[in-house]
Protein chains: 2
Amino acid sequence: MIGRLNHVAIAVPDLQAAAAQYQTTLGATVGPPQDEPDHGVTVVFIELPNTKIELLYPLGDDSPIRGFLDKNPSGGIHHMCFEVDDIIAARDHMKTQGARVLGTGEPKIGAHGKPVLFLHPKDFNGCLIELEQI
Amino acid sequence: MIGRLNHVAIAVPDLQAAAAQYQTTLGATVGPPQDEPDHGVTVVFIELPNTKIELLYPLGDDSPIRGFLDKNPSGGIHHMCFEVDDIIAARDHMKTQGARVLGTGEPKIGAHGKPVLFLHPKDFNGCLIELEQI
């Protein structure tokens, strides 16, 4: 059911420094910062040959990653995103297996303009999992 | 410099339950448990189309992930591994940029039989990064 790992998202306390580090220290291909006001984050994409890293920084007062950075001031891996072909079918299957979907349970349009859902980290070994319909 | 994301490693408190969940709830391709006594872990590989998830469970009393699970009893993302062509050149470059290498600083043979190094999470936004020479 789950397909490709679309991205790993890392919350960072200093977006400019983190982007420069991925570019200079790790030698990766780093895009420009992109404000995503509907999602309360500014994002920098790191393009790897097989997947992406997303650096996340809070945007606005209600950013969903503000609390994460309060608990993890150095930053940390915030979530990983798996691609699915049919997000409703995936959700319904996972719910029958006892997994909890965050929020209303209905997909929202994510930062990439595609339907997304998040699964409860307590049901998945402490990992926040995003599903994105491709 | 960094190439493919080779894997994301997740420390789990119950390996059998986590493997079953990836197979049944998430519908992924899950391999058999493999003991890695030299590394103090039992590993289950989840094969995704573009990368791997490694489920890690402590093996033996000196397991390097025992402390992580003590701090994170539900489990959590332990590290991510980037591929490099030349681990010595990568290490030396990263050190000139101020990054710290864990342990002796010399590559060890990792769980996949290839030279690996770990970078200090405090230098990389709270993320433990493994480099693996491919």
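Residues numbered from 1 in each chain as written. Chains lettered and ligands numbered in written order. Predicted model: local features only at pLDDT ≥ 70, side-chain atom pairs only at ≥ 80, totals over all residues. Heavy atoms only, no water.

Asks: Explain the overall build of chain A residue by residue, including any values.
Replies: Helices and strands together make up the secondary structure of chain A, namely three helices and nine strands. Secondary structure elements in chain A, listed N-terminal to C-terminal, are β-α-β-β-β-β-α-β-α-β-β-β. Along the longest, intermediate and shortest principal axes, the C-alpha atoms of chain A span 45 × 35 × 25 Å. The buried share of chain A, taken over its 134 residues, is 51%. Taking all contacts inside chain A whose residues are at least 6 apart in sequence as the whole, residues at least 24 apart take part in 52%. Separation between the mean location of the 10 positive side-chain charges and that of the 17 negative ones in chain A comes to 6 Å. (Helix = DSSP H or I, 4+ residues; strand = E, 2+ residues; numbered from the N terminus. Buried < 20%, exposed > 50% of the residue type's maximum accessible area, 1.4 Å probe, protein only. Contact = heavy atoms within 4.5 Å. Lys, Arg positive; Asp, Glu negative; His and termini not counted. Charge placed at Lys NZ, Arg CZ, Asp CG, Glu CD.)

Asks: Which residues make up the interface of chain A and chain B, and what values go with them?
Replies: Accessible area lost on assembly of the parts is the figure often given for the size of an interface. At the junction of the two partners, chain A supplies 40 residues and chain B supplies 40 residues. In this assembly, chain A packs against chain B so that about 3,300 Å² is buried in total across both faces, 65% of it on carbon and sulfur atoms. Where chain A packs against chain B, one counts zero salt bridges. Viewed at the interface, chain B and chain A are joined by 15 residue pairs in polar contact (both at pLDDT 80 or more). For the side of chain A that touches chain B, the secondary-structure elements that each account for two or more residues are β1 (5-11), α1 (15-24), β6 (76-84) and α3 (87-96) of chain A. (Buried area = accessible area lost by both parts, 1.4 Å probe. Salt bridge = Lys/Arg side-chain N within 4 Å of Asp/Glu carboxyl O. Polar contact = N/O pair within 3.5 Å; in protein donor to acceptor, adjacent residues only side chain to side chain.)

Asks: Give me the lowdown on the pairing of strand β9 (residues 129-133) of chain B, citing residues and values where you can.
Replies: Residue and element names in this part refer to chain B. Taking burial as the measure, the five residues of β9 include four buried ones, the bulk of the element. Looking at chain direction, strand β6 (residues 76-84) and β9 are connected through five bridges and run parallel. In the sheet register, C81 faces β9, and the bridge partner there is E130. Alignment of strand β8 (residues 115-119) against β9, held across four bridges, turns out to be antiparallel. Its bridge partner lying in β9, V116 is registered against E132. (Pairing = 2+ DSSP bridges.)

Asks: Any details on the relation of the copies chain A and chain B? Residues and values, ideally.
Replies: Laying chain A over chain B is done by rotating through 180° and shifting 0.0 Å along the axis; what remains is an RMSD of 0.0 Å. Put plainly, the chains are arranged around a two-fold axis. No C-alpha of chain A lies nearer the rotation axis than that of N50 of chain A, which sits 3.0 Å from it. Looking at the interface residues of chain A, 100% of them are also at the interface in chain B, so both copies use one shared face. (Least-squares fit on C-alpha atoms with pLDDT ≥ 70 in both.)

Asks: Report on the side chain of H79 of chain B, specifying residues and quantitative values.
Replies: Mapped onto the secondary structure, H79 of chain B falls in strand β6. Ignoring any residue separated from it by four or fewer positions in sequence, one finds H79 of chain B in contact with H7, V8, A9, L56, F118, L128 and E130 of chain B.

Asks: How would you summarise the nonpolar core if you had to cite specific residues and measurements?
Replies: Within the largest apolar cluster, 64 residues are counted, with the highest numbers of intra-cluster contacts made by L55 and M80 of chain A together with L55 and M80 of chain B. The residues contacting M80 of chain A, other than those within four sequence positions of it, are L5, H7, V8, C127, L128, I129 and E130 of chain A together with V8, I10, Y22, I53 and I77 of chain B. (Core = buried A, V, L, I, M, F, W, Y, C linked by side-chain atoms within 4.5 Å.)

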